[in-house]
Amino acid sequence: SELSLTATAVNRLVTVNSTATTDDNNAGNGICSTGGTNSAGATACTLRAAVNEANASAAIDTIWFAMPTTETGHSAGVWTIAPPTGTSPAISTTMTIDATTQPGWTSTPVVSYNAAGLSSGPAVSITGSGVVLKGLNVRGSPGAGISVSGASATIAYCFIGTNAAGTAASAN
C-alpha cells in the first residue's frame, strides 16, 4: 500500500494588541512577542514586532489587531501607533496587515500610524510581493506615506496623509 501526503499552506496569524513600537524579542520563532506586556497584562505584540516576525518566519503571514482601549495612544475610538526616531521596518515578505479587524472599525480607520517621529524614509515601505494592507490611517511621514517597490501590493480602505476620519489633511 502507498501513503500519499499533500502539503497545504496554512495562514498563521498574529494579533497586534499594543500601541507600543518595540521590536520582536526573537524574530523568526513564530511567536509575536516584545518580551513585555500590554496595558491589559497580556504578552505584548506590537505592529513593529508583528512585521519583524512575519518577515523572519514562514509561519506568519496575517496580522490582525485587537488593542484594548486602555492602551496609551487610544483616544476617541482611534488607536495611534507613533514610532520613535529611525525608520520603520520594511514589509519584505508576502503578508496581510488587516487593521479592519480592530474592534470599532466600521468604514474608516481606527488604527493610525503617525510616522512624524521617524527620521527618514516612508512610513510604510512594501518591498515584498503579494502584500495586502487594509484599513490603516498613515500620516506624518518625513517621506512618502506608503512606498511600494515589490512586484504587487493591494492597499484598501486606507487613509493616507489625512487624519483617521479622513476629514483633514495630515502631511506626509
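Everything that follows concerns the structure shown earlier in this document.
The structure contained in this document is the topic of the report that follows. (Residues numbered from 1 in each chain as written. Predicted model: local features only at pLDDT ≥ 70, side-chain atom pairs only at ≥ 80, totals over all residues. Heavy atoms only, no water.)

### Here we look at the sheet that holds strand β2 (residues 62-65)
Point 1. Pairing is parallel in the open sheet, where five strands are placed in the order β1-β2-β5-β8-β11. The open sheet terminates on both sides in strands that have one partner only, identified here as β1 (13-16) and β11 (153-156). Strand-to-strand, the axes of this sheet are offset by a mean angle of 15°, without reference to chain direction.
Point 2. In the sheet, β1 pairs with β2 via four bridges, with the strands oriented parallel. Residue valine 16 lies in a different strand from β2, and its bridge partner there is phenylalanine 65. (Pairing = 2+ DSSP bridges. Helix = DSSP H or I, 4+ residues; strand = E, 2+ residues; numbered from the N terminus. Axes fitted to C-alpha atoms, helices over the stretch in contact; angles between N-to-C directions.)

### Quick word on the environment of serine 88
Point 1. The topology assignment puts serine 88 in the loop between β4 (78-81) and β5 (96-98).
Point 2. Overall, the relative accessible area of 13% leaves serine 88 in the buried class.
Point 3. In this structure the C-alpha to C-alpha distance between serine 88 and serine 75, which are 13 residues apart in sequence, comes to 23 Å.
Point 4. When neighbours within four sequence positions are excluded, serine 88 is seen to be in contact with Arg48, Tyr113, Leu118 and Ala123. (Buried < 20%, exposed > 50% of the residue type's maximum accessible area, 1.4 Å probe, protein only. Contact = heavy atoms within 4.5 Å.)

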